[in-house]
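Single-letter residue listing:
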Amino acid sequence: MHAVREWLRDASSIAVLTGAGVSAESGVPTFRGGTPGTPGLWKQHRAEELATPGAFARDPKLVWEWYDWRRSLIAEAKPNPGHYALAAAEARARKFTLITQNVDGLHELAGSRNVLRLHGSIWMLRCLECECEREDRRTPLPEIPPRCECGGMLRPGVVWFGEALPAKIWQEAEKAAREADLFLLIGTSAVVYPAAGLAPIAKSSGARVVEINIAETGLSDSIDEFLQGPSGELLPQLIA
Ligand code: BV8
Ligand code: ZN
């Protein structure tokens, strides 16, 4: 822990990848917690089945019920000390890029400025017809599935499995990982690609990689330092 605090202080360029684990202490259930009531397991459906274009084409109402349920959960969630610590670290660092897989918007709410949202935002809705995109924070949504003024059906502004990540955002994330001399991997099971590829990219470009998680992941034995514990507790200790 002490060494990592020094690395943080001396780093000239920091890149961070966060996953659902950083929002767990805000009461937003993780994807693969697997316990009933998490997005990973909702009404006997798994996230990987519902978060796909196929599921939406087959049953837009069911997929929207899942997102509406998650939106209502997230609307009640507040950023936790881990989110605030990352926002404070950004304010103090020379170069700091926060890359997140989360769609809950809690990093922005905690004051993080330079946030790359690899998988989009649960608050954005996009029209399948006219492709217009707007932020809509109403929970619950007035109608399911929600409709655009043009009559088209709206979809959640997130990246589903099998869909490409926004090209510009992915390029910026890759660049930040390559140029970082310190890379923090926080609260992610590191099973979803291409996001999970960022830590190895940073490592092979010469960065020190530090992982913060309550449990080991597939990347834990190929990084420089593994700090075991809840990010809401460890991050404030690291960044204070
Ligand atoms: C792509 C948005 C190609 C939606 C998400 C086979 C078939 C089809 C595809 C694939 C395949 N094999 C591989 C793929 C590629 C696929 C993939 O990686 N699949 C995995 C499952 C194997 N990837 C894709 O499809 C990507 N696109 O490849 O496109 C392409 C290219 C060009 C042109 C066309 C196509 C798109 C991936 C994006 C999917 N969308 N979400 C929504 O949110 O509804 S992914 C989803 O998983 C969430 O975004 C989530 O963030 C992400 C990753 O999960 P985690 O964040 O890691 O969360 P998880 O629950 O897994 O883990 C929580 C962690 O926190 C745990 O480690 C836990 O220990 C820890 N934790 C818990 N509490 C705490 C904590 N840590 C600290 N403190 C705590 N308190
Ligand atoms: Zn429209």
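Residues numbered from 1 in each chain as written. Chains lettered and ligands numbered in written order. Predicted model: local features only at pLDDT ≥ 70, side-chain atom pairs only at ≥ 80, totals over all residues. Heavy atoms only, no water.

## Considering the overall build of the chain
At step 1: Across its full length, the chain holds 10 helices and 11 strands.
At step 2: Relative to a compact globule of 240 residues, whose C-alpha radius of gyration would be 18 Å, the chain shows 18 Å and is just as compact.
At step 3: Based on the C-alpha atoms only, the size of the chain along its principal axes is roughly 55 × 35 × 30 Å.
At step 4: Here the chain holds 240 residues, and 52% of them are scored as buried.
At step 5: Contacts in the chain between residues at least 24 apart in sequence constitute 64% of all its contacts with a sequence separation of at least 6.
At step 6: As displayed, the chain has an accessible area near 11,000 Å², and 53% of this comes from carbon and sulfur atoms. (Helix = DSSP H or I, 4+ residues; strand = E, 2+ residues; numbered from the N terminus. Rg over C-alpha atoms; globule rule 2.2 N^0.38 Å. Buried < 20%, exposed > 50% of the residue type's maximum accessible area, 1.4 Å probe, protein only. Contact = heavy atoms within 4.5 Å. Areas by Shrake-Rupley, 256 points an atom, 1.4 Å probe, with all protein chains shown as cover.)

## Overview of the side chain of Ser-220
At step 1: With respect to the element layout, Ser-220 can be found in the loop between β10 (208–213) and β11 (225–228).
At step 2: Here Ser-220 falls in the buried class, since its relative accessible area comes to 9%.
At step 3: One polar contact links Ser-220 to Glu-211, side chain to side chain, over a distance of 2.7 Å.
At step 4: Other than its neighbours up to four places away in sequence, Ser-220 contacts Glu-211 and Phe-226. (Polar contact = N/O pair within 3.5 Å; in protein donor to acceptor, adjacent residues only side chain to side chain.)

## A short note on the domain arrangement of the chain
At step 1: In terms of domain boundaries, the chain breaks down into domain 1 (2–28 + 77–119 + 164–239) and domain 2 (30–76 + 121–158).
At step 2: Between domain 1 and domain 2, the C-alpha centre-to-centre distance is 25 Å.
At step 3: If you look at the interface, domain 1 gives 13 residues, while domain 2 gives 13 residues.
At step 4: Summed over both partners, the interface of domain 1 with domain 2 comes to about 1,000 Å²; 59% of that surface belongs to carbon and sulfur atoms.
At step 5: At the surface where domain 1 touches domain 2, the tally comes to 3 residue pairs in polar contact (both at pLDDT 80 or more).
At step 6: When the residues that make up the side of domain 1 that touches domain 2 are grouped by side-chain class, the tally is 7 nonpolar, 3 polar and 3 charged. (Domains from an automatic or database assignment. Buried area = accessible area lost by both parts, 1.4 Å probe. Nonpolar A, V, L, I, M, F, W, Y, C, P; charged D, E, K, R; others polar.)

## Section: the pattern of salt bridges
At step 1: By the definition in use, this model includes 14 salt bridges.
At step 2: A salt bridge links Arg-9 to Asp-10; its shortest N-O distance comes to 3.7 Å.
At step 3: Salt-bridge contacts for Lys-95 lead to Glu-179; the nearest nitrogen and oxygen are separated by 3.4 Å. Taken together, the residues span a long stretch of sequence, with Lys-95 in strand β4 (residues 95–100) and Glu-179 in helix α8 (residues 167–179) at a distance of 84 residues.
At step 4: On the basis of relative accessibility, which here comes to 39%, the residue Glu-179 falls in the partly exposed class.
At step 5: One connected set of salt bridges, linked through shared partners, spans Arg-71, Asp-136 and Arg-138. (Salt bridge = Lys/Arg side-chain N within 4 Å of Asp/Glu carboxyl O.)

## Some words on unusual backbone geometry
Backbone geometry follows two general trends: most residues other than glycine have a negative phi, and most peptide bonds adopt the trans configuration.
At step 1: A cis amide bond, omega -10°, links Thr-139 with the succeeding residue Pro-140.
At step 2: Tracing the chain through its elements places Pro-140 in the loop between β7 (133–135) and β8 (154–158).
At step 3: That bond from Tyr-193 to Pro-194 is cis: its omega, 5°, falls within 30 degrees of zero.
At step 4: Along the chain, Pro-194 turns up in the loop between β9 (182–186) and α9 (198–204).
At step 5: Even without being glycine, Glu-131 reaches a positive phi, approximately 65°.
At step 6: With respect to the element layout, Glu-131 can be found in the loop between β6 (120–127) and β7.
At step 7: Residue Ala-190 is not a glycine yet carries a positive backbone phi of 55°.
At step 8: Turning to its location among the elements, Ala-190 is positioned in the loop between β9 and α9.

## Thoughts on the packing of aromatic side chains
At step 1: Evaluation of the coordinates by the stated rule reveals 4 aromatic pairs.
At step 2: Both rings, one in Trp-64 and one in Tyr-67, keep their centres 6.4 Å apart while their planes meet at 70°; by these two values the pair is edge-to-face. Pair noted here: Trp-64 and Tyr-67 are both in helix α5 (residues 60–75), with a separation of 3 residues, about one helical turn. Residue Trp-64 shares its accessibility class with Tyr-67, and that shared class is buried.
At step 3: Seen from their ring centres, Tyr-67 and Trp-160 are 6.5 Å apart, and the 50° between their planes marks the pair as tilted. With Tyr-67 in helix α5 and Trp-160 in the loop between β8 and α8, this pair connects stretches of sequence that are 93 residues apart.
At step 4: Judged by its relative accessible area of 3%, Trp-160 is buried.
At step 5: Among the aromatic residues, ring-to-ring pairing joins Phe-56, Trp-64, Trp-66, Tyr-67 and Trp-160 into one connected group.
At step 6: Above the face of the Trp-66 ring, Arg-70 is positioned so that its terminal group lies 4.7 Å from the ring centre.
At step 7: A cation over an aromatic ring shows up here: Arg-155 above the ring of Trp-160, its NZ or CZ 3.9 Å from the ring centre. (Phe/Tyr/Trp six-rings, centres within 6.5 Å; stacked < 30°, edge-to-face > 60°. Lys NZ or Arg CZ within 6 Å of the ring centre and 35° of its normal.)

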